[in-house]
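# Architecture at a glance
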Amino acid sequence: LNISSVKLCFKGFIFNVCEAFFCIFSKFTNALSNFTNREFTVFGQESGVELNYDEFCFVAEDDAGQLLGVITGRAYYNEVHIGDLIIGKGHRKSGIGSKLVEEVEKAYRGKGYEKITLTTFGFQAPEFYKKLGYETEFVRRDKDPKLSKYFLAKAFYDRATINKQEQATGLE
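Starting afresh in each chain, residues are numbered from 1 along the sequence in its written order. Selection of residues for local features in this predicted model requires a pLDDT of at least 70, selection of side-chain atom pairs for listing and counting requires 80 or more, and totals for whole chains, interfaces and linings are taken over all residues. Values reported for side chains reflect all heavy atoms of the structure, with hydrogen atoms and water molecules removed beforehand.

### With respect to the overall build of the chain
Scanning the chain from N- to C-terminus turns up 4 helices and 7 strands. A 1.4 Å probe rolled over the protein chains alone gives each residue an accessible area, and that area as a share of the maximum for its type sets the label: buried under 20%, exposed over 50%, partly exposed in between. In the chain, which comprises 172 residues, the share counted as buried stands at 25%. Sequence-distant contacts, at least 24 apart, represent 57% of the contacts inside the chain between residues at least 6 apart. By element, 54% of the accessible surface of the chain is carried by carbon and sulfur atoms, the whole surface being about 11,700 Å². Elements are defined by DSSP. Helices are runs of H or I of four residues or more, strands are runs of E of two residues or more, and each kind is numbered from the N terminus. Working rule for contacts: check all heavy atoms of both residues, and any pair within 4.5 Å makes them a contact. Per-residue and other accessible areas were derived by the Shrake-Rupley procedure at a 1.4 Å probe size, with only the shown protein chains allowed to occlude residues.

### Quick look at the environment of A107
Looking at the element boundaries, A107 is found in helix α2 (residues 96-108). With 51 residues separating them along the chain, A107 and F56 place their C-alpha atoms 9.5 Å apart.

### Some remarks on the pattern of salt bridges
Any Lys or Arg side-chain nitrogen found within 4 Å of a carboxyl oxygen on Asp or Glu counts as a salt bridge. If you walk through the whole model with that rule in mind, you get 4 salt bridges. Here E39 ties to R38 by a salt bridge, and the two come within 3.3 Å at their closest N and O atoms. Judged by its relative accessible area of 36%, E39 is partly exposed. Between K154 and E105 there is a salt bridge whose closest N-O contact spans 3.2 Å.

### Focus: the confidence of the model for the chain
A low pLDDT means the predicted coordinates there should not be read in detail. Overall, the predicted model of the chain reaches an average pLDDT of 82, with 76% of residues at or above 70. Values of pLDDT, which run from 0 to 100, indicate the predictor's confidence residue by residue. Of the regions scoring below 50 in pLDDT, residues 6-23 engages in 15 contacts with residues more than four places distant in sequence or in other chains.

### Points about the pairing of strand β3 (residues 67-76)
In regular strands, side chains alternate between the two faces of the sheet. Counted residue by residue, β3 has 7 buried out of 10 residues, so it is predominantly covered. In short, DSSP must find at least two bridges between two strands for them to pair. In terms of strand pairing, strand β2 (residues 54-61) meets β3 through 8 bridges, oriented antiparallel. Bridge assignment links V59 to a residue of β3, and that residue is V70. Here β2 hands over to β3 after 5 residues, with G65 in that stretch at a positive phi of 90 degrees. In the sheet, β3 pairs with strand β4 (residues 79-87) via 8 bridges, with the strands oriented antiparallel. Across the sheet, G69 pairs through a bridge with I87, a residue of β4.

### Side note on the nonpolar core
Core analysis: the largest hydrophobic core is formed by 23 residues, its most contacted members being F56, I71, V80, V104, Y108 and Y134. Mapped by element, the contributors of at least two residues to this core are β2, β3, β4, α2, β5 (115-121) and β7 (149-155). With 5 residues, the top contributor of residues to this core is α2. When sequence neighbours within four positions are dropped, the list of residues in contact with V104 reads F56, F58, I71, V80 and I116. Residues enter a nonpolar core if they are buried and are Ala, Val, Leu, Ile, Met, Phe, Trp, Tyr or Cys, with the set joined through side-chain atoms within 4.5 Å.

### Details of the packing of aromatic side chains
We call Phe, Tyr and Trp rings a pair once their centres come within 6.5 Å, taking the six-membered ring for Trp, and we label the pair stacked below 30 degrees between planes, edge-to-face above 60, and tilted otherwise. One pass over the full model with this rule turns up 11 aromatic pairs. Each ring, one from Y76 and one from Y77, has its centre 5.8 Å from the other, and the planes form 80 degrees; the classification is edge-to-face. A residue is classified by how much of its surface remains accessible, and Y76, at 21% relative accessible area, is partly exposed. Aromatic side chains Y108 and Y113 sit 5.6 Å apart centroid to centroid with 80 degrees between the ring planes, which places their arrangement in the edge-to-face category. Owing to a relative accessible area of 4%, Y113 belongs among the buried residues under this scheme. Clustering of aromatic rings is evident, with ring pairs tying together F40, Y53, Y76 and Y77.

Listed below in structure tokens is the structure:
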């Protein structure tokens, strides 16, 4: 199992599109990305908050280079947010998902981020993340429990340290 970081990961993008479309798409996404980064940064600075922005994409592949799984997301302000964790059907429950989450945790621990957050639906993986030490912050219930949305987080600091900090600053 090989896990590597990929700086550009086009979620849902079909790579066999015509070259002209890709060129237009690329210019648009670059302009959009530049605008978003600039305005996001300026607003944070005006608000007295450091942006600390970084996008990530880690992929797991076998020795033959076949894609087995991917995890994507972004880090900003004081948290890392996992957007997607997708494991190929034939490779689920093999430890690949845990390895990919672990790689994100290792990549961002000690770099000024306090926690990792994510959302997942009831039919997806709330129990998987709980086994990895993520705590449920909130559940937005749905009439279909499979579609209830779970908001989870894992602190880079232990809960006792956070409680002491909150008590010291009066944020309990």
